[in-house]
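Analysis of the macromolecular model
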Amino acid sequence: MTTSSTQPAQRIGVPREIFPGEKRVATVPDVVEKLIKLGFQVAVQAGAGEAANFSDDAYRAAGAEIIEGAPALWAASDIVFKVRPPSPDEVALMREGATLIDFIWPAQNPDLMQQLAARKATALAIDCLPRTLSRAQKMDALTSMAGVSGYRAVIEAANAFGRYFNGQITAAGKVPPAKVFIAGAGVAGLSAIGTAANLGAIVRANDTRAEVADQVTSLGGEFVKVDYEEEGSGGGGYAKVMSEGFQAAQRAMYAKQAQDADIIITTALIPGKPAPKLITAEMVQSMKPGSVIVDMAAEQGGNCELTVPGEAVVRHGVTIVGYTDLASRLAKQASTLYATNLLRLTEELCKAKDGVAVVNMEDDAIRGLTVVKDGAITWPAPPIAQAPKPPAKPAAPAVAQKKGGHGHGSSGPLPARTLAIIFAVAAVAFWLIGTAAPAAFLSHLTVFVLACFIGYMVVWNVTPALHTPLMSVTNAISSIIAIGALVQIAPPDGAAGGRPDDLIRWLAFAALVLTAVNMFGGFAVTRRMLAMFQK
């Protein structure tokens, strides 16, 4: 591989998106500054960010060069950042041997793959990122765009619904909360659940993956389970295609929810496959007049039989929103998130920070992204080798039984005879201490032993997840010893003076200072921990 230090800094070009209705842009002024710090030059086509409210002047102020016209931009760029897959005309403008980074969808665009190969290009499809790699999360543009789309789906539903989401009691009467059902609890679905719940709606959701039930509940929703046992987790964080038996039970559940819900948002989609039909025409007809369906899978055919991709239509009194540009309808936010994802990818490509991107095919994340390398089609990437499981620990050898027939192991209960001896020795020791020590010492020792026992039982019976708040509270409560310290500092009238009492007073003063720290610190820690769970 050629070392990057011998190559001049590369130029990143950001053309204006030509797909109808697309308002996003592949980078934003804040990210331009960071790309320049990596050593790259950045060129932006004039007007590329206008639809997302990023002016040419803002790009100039960040250090980017503004180039008029797409032909000049493509010809001057070593690396091109885009959002939508390029058209054949755009590929023809591409410099031979250049690098393209955007959503390519190689399974759906085989002709585009051939065109890029003919240009001897290197293409990195951000939609092919191996999502199972934890370090790839910072580059996961699919997740970023899904989160924006889920939020926008709720906003579109609220706009078409014509009523409050949250319940209210007013002088004019009582307004019931809206009932929202969300089919699919992936990234988009979870974003929609959180948004609808924050607006005050009653939210129910379903997903084929049972493990997302806790996530739904944590966001304020109720998980609706299908009355059919089948595991629905697929590879790469997606759901799998379910059996016919499960689908029949799922349709029955959806039919019931359709009759009760005011708003349905569908998000079910498996990459490379048509969107499954979850909401039938009969279910739409059974919904209350004025209800809303937002079909987030409209671009792949839709989850509703009556969805018209790209349009909002009314069928049987129900508004069915089939917009395919939900992320683009929040163009500024979506562009900022997408630009950050591409920045993180660029940092992986340019670890030397010398303005030269190096496509390392030995890196699992980069290999998964690379669908064309120097004119050779490299998609699909080979499966990522899973780390070997750690060897199982050998079983502990069985403890030999004791002679005498009792058969007690070292971890079992002690024999009655042993317990009797221990208690007898403890009783004798306690009696000896009691005869020699003052009466006050014996009472203090009794309280100390009982306190140790109670404290041990309190901590032992609390789940480890709550040990920190428990200890902070018990520390504050245990600071009752401050009263004892105050008594020692100011003894009752008639107490004898002398040097020993002075030493005790100084010790009591130190105990009082430490106890005050313990007391206020305990309550402060508890308050901060409780604040973490408050909205």
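All values reported here derive from a predicted model rather than from experimental measurement.

Attention shifts here to the overall build of the protein chain. Secondary structure assignment for the protein chain yields 17 helices and 17 strands. The burial tally for the protein chain puts 38% of its 535 residues in the buried class. Within the protein chain, contacts between residues separated by at least 24 positions form 62% of all contacts whose residues are at least 6 apart in sequence. Just so you have it, the protein chain exposes about 29,500 Å², and 61% of that area is on carbon and sulfur atoms.

Now for the nonpolar core. In terms of nonpolar packing, the biggest core is built from 49 residues, with V44, Y59, F81, I101, I126, Y338 and L345 touching the most fellow members. Per-element tally for this core: the top contributor is helix α11 (residues 331-349), with eight residues. For Y59, the contacting residues outside a window of four places in its chain are V25, T27, V28, P29, V32, V44, G49, F54, A64 and I66. In this structure, A178, I182, A205 and V294 belong to the second largest nonpolar core, which totals 30 residues.

To continue, consider the packing of aromatic side chains. A complete count under the given rule lists six aromatic pairs for this structure. Seen in terms of ring centroids, F103 and W105 are 5.9 Å apart; in terms of plane orientation they differ by 10 degrees. Their pairing is stacked. Given a relative accessible area of 7%, F103 falls into the buried group. The interplanar angle of 85 degrees and the centroid separation of 6.3 Å between the aromatic rings of F161 and F165 together place this pair among those described as edge-to-face. By the burial criterion, F161 is buried, and F165 matches it. Linked through ring pairs, F103, W105 and Y338 together constitute an aromatic cluster. Between the NZ or CZ atom of R329 and the centre of the ring of Y323, over which it lies, the distance is 3.7 Å.

A word on the sheet that holds strand β15 (residues 318-321). Strand order in the open sheet formed by seven strands is β11-β10-β9-β12-β13-β15-β14, and the pairing between neighbours is mixed. Of all strands in the sheet, those bounded by a partner on one side alone are β11 (222-223) and β14 (312-315). Sheet analysis places β14 next to β15, joined by four bridges and oriented antiparallel. When the sheet's bridge partners are listed, V314 is paired in β15 with T319. Helix-sheet contacts for helix α6 (residues 141-161) involve β12 (263-266), β13 (292-295) and β15, and the interaxial angle to β13 is about 155 degrees.

One rule of thumb: low pLDDT means the predicted coordinates there are not for detailed reading. Confidence in the prediction for the protein chain averages 86 pLDDT; 83% of positions are at 70 or higher. Note on residues 1-5: pLDDT is under 50 here. Beyond four places in sequence and across chains, it has eight contacts. Contacts from residues 399-412, a stretch scored under 50 in pLDDT, to residues over four places away or in other chains number seven contacts.

In this section: the sheet that holds strand β5 (residues 99-102). For sheets, the rule is that strands pair by backbone hydrogen bonds, running either parallel or antiparallel. The eight strands lie next to each other as β3-β2-β1-β4-β5-β6-β16-β17, forming an open sheet whose pairing is mixed. The sheet is open, and its two borders are formed by β3 (65-67) and β17 (376-377), each paired with just one other strand. Bridge count for strand β1 (residues 11-14) against strand β4 (residues 79-81) is two bridges, and the pairing is parallel. What sits directly across from G13, in β4, is V80.

What follows concerns the packing of α6 against helix α7 (residues 187-198). In the contact formed by α6 and α7, the axes pass within 7 Å of each other and the chain directions differ by 40 degrees. In terms of their interaxial angle, α6 and α7 are classed as oblique. Relative to α7, the crossing made by α6 is right-handed. On α7, the residues touching T143, A146, G147, G150, Y151 and V154 of α6 are V187, A188, S191, A192, T195 and A196. Residues belonging to the contact of α6 with α7 are distributed by class as follows: seven nonpolar, five polar and no charged.

Any two side chains of opposite charge can pair, so long as their charged atoms come close to each other. On inspection of all chains with the given rule, the structure shows 24 salt bridges. The partner of K288 in a salt bridge is D262, with the nearest N and O atoms 2.9 Å apart. Here K288 is found in the loop between α10 (281-286) and β13, whereas its partner D262 is found in the loop between α9 (244-260) and β12, with 26 residues between them in sequence. Overall, the relative accessible area of 6% leaves D262 in the buried class. Each of R135, K138, E348, K351 and D363 takes part in one network of salt bridges that share partners.

The subject of this paragraph is the packing of helix α1 (residues 29-37) against α11. Following both chains from N to C, one finds α1 and α11 inclined at 10 degrees, their axes separated by 10 Å at the closest point. On the basis of the axis angle, α1 is roughly parallel to α11. Touching V31, K34 and L35 of α1 are A339, T340, L343 and T346, all from α11. Taken together, the residues of the contact of α1 with α11 break down into four nonpolar, two polar and one charged.

Let's shift gears to the environment of V313. With respect to the helices and strands, the residue V313 is situated in strand β14. Judged by relative accessible area, V313 falls into the buried class, the value being 9%. In sequence terms V313 and I293 are 20 residues apart; their C-alpha atoms lie 9.9 Å from each other. For V313, the contacting residues outside a window of four places in its chain are L306, V308, V318, T319 and I320.

Side chains of L486, I489, W506, F509, V513 and V517 sit close together on the surface and give an oily, nonpolar patch of about 620 Å² of accessible area. Sorting the residues of the nonpolar patch by element identifies α16 (481-489) and α17 (499-531) as the ones contributing at least two each. At four residues, α17 tops the list of elements feeding residues into the nonpolar patch. Its location among the elements puts I489 in helix α16.

This next bit is on α9. With 17 residues, α9 should cover 24 Å at 1.5 Å per step; its first-to-last C-alpha distance of 25 Å lies within 8% of that length. Every buried residue of α9 is listed here: F246, Q250, M253, Y254, Q257 and A258. Buried residues in α9, looked at end-on, bunch into an arc of 140 degrees, giving them a common side. Exposed residues on α9 whose side chains face more than 90 degrees from its buried face are E244, K256 and Q259.

So, how was this worked out
- Residues numbered from 1 in each chain as written.
- Predicted model: local features only at pLDDT ≥ 70, side-chain atom pairs only at ≥ 80, totals over all residues.
- Heavy atoms only, no water.
- Helix = DSSP H or I, 4+ residues; strand = E, 2+ residues; numbered from the N terminus.
- Buried < 20%, exposed > 50% of the residue type's maximum accessible area, 1.4 Å probe, protein only.
- Contact = heavy atoms within 4.5 Å.
- Areas by Shrake-Rupley, 256 points an atom, 1.4 Å probe, with all protein chains shown as cover.
- Core = buried A, V, L, I, M, F, W, Y, C linked by side-chain atoms within 4.5 Å.
- Phe/Tyr/Trp six-rings, centres within 6.5 Å; stacked < 30°, edge-to-face > 60°.
- Lys NZ or Arg CZ within 6 Å of the ring centre and 35° of its normal.
- Pairing = 2+ DSSP bridges.
- Axes fitted to C-alpha atoms, helices over the stretch in contact; angles between N-to-C directions.
- pLDDT = per-residue confidence, 0-100.
- Parallel < 35°, antiparallel > 145°, perpendicular 65-115°, else oblique.
- Left-handed = near helix turned anticlockwise from the far one by under 90°.
- Nonpolar A, V, L, I, M, F, W, Y, C, P; charged D, E, K, R; others polar.
- Salt bridge = Lys/Arg side-chain N within 4 Å of Asp/Glu carboxyl O.
- Patch = residues over 30% accessible without salt bridge, like charges linked within 9 Å, V, L, I, M, F, W, Y side chains within 5 Å.
- Expected span 1.5 Å × (residues − 1).
- Arc of directions from axis to C-beta.

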